[in-house]
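# Structural characterization, general
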Amino acid sequence: MRPTWIVAALLVALPGCERSERPVPLAPLEAATPAPSANGIRPLTSRDGAAPEPAPLAPAQGLPPGHPPVGGAPSASTAGAVTGTIGVAPSLVGRLGASDVLFLVARSASTRQVLAVRKEQAARFPFAFEISGMDAMVEGTAFEGPFDITARISKSGDAIPAKGDIEGFARGVASGAKGVSITLDSVRQ
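The structure contained in this document is the topic of the report that follows. (Residues numbered from 1 in each chain as written. Predicted model: local features only at pLDDT ≥ 70, side-chain atom pairs only at ≥ 80, totals over all residues. Heavy atoms only, no water.)

Each regular strand carries side chains that alternate between the two faces of the sheet. Across the two faces of strand β4 (residues 127-131) the burial differs, with Phe127, Phe129 and Ile131 buried and Ala128 and Glu130 not buried at all. Of the strand pairs in this sheet, strand β1 (residues 82-88) and β4 are connected by 5 bridges, and their pairing is antiparallel. Pairing of Thr85 across the sheet is with Ala128, part of β4. (Buried < 20%, exposed > 50% of the residue type's maximum accessible area, 1.4 Å probe, protein only. Helix = DSSP H or I, 4+ residues; strand = E, 2+ residues; numbered from the N terminus. Pairing = 2+ DSSP bridges.)

Written as structure tokens, this is what we have:
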């Protein structure tokens, strides 16, 4: 037995599904692709054609807040950046895994407020780091020291500290400090 009632219902419903507007015709594909070269082969990408290189962009006026500086000048958000190296205590090297995630957290030493956070996938140790106002959790947060900096290997990849995470600390770090050394030397209980 065939479901003839389905066919009948479709025949009744389909005429009501017509468009009231005609579709806009698209430009032919050939008009958008580069012309073949002398050997009859089209370029693989637009970069392979004879189109001129675009002119470099002029520095934009009135960049949005938090935009990196144009022309290499340091911005207020990168001023005071702290740089250094994170290492792992020899006794804990065996606990590291390929899927571990490194979190770097800068807190105000006086208020304990989180000022900036970085997340690094597949970090290799020793790991060179930089943390600055560009890593602020909330736009407009002042990145002013002294800082307490925590480096933490998260086994789960979650930003919230958990049992089994490997941590290291640097306390009272001055704004703009260079060569800060943090050793991952404790396991969170």
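There's more to say after this.
It is worth spelling out the sheet that holds β4 at this point. Taken in spatial order, the 3 strands of this open sheet run β4-β1-β7, and their pairing is mixed. For this open sheet the edge positions go to β4 and β7 (180-184), each flanked by a neighbour on one side alone. On average, adjacent strands in this sheet sit at an angle of 30 degrees to one another, irrespective of strand direction. Pairing geometry for β1 and β7, over 5 bridges, is parallel. The partner of Gly84 across the bridge, within β7, is Val180. (Axes fitted to C-alpha atoms, helices over the stretch in contact; angles between N-to-C directions.)

Purely geometric stuff here, so don't read any function into it on its own.
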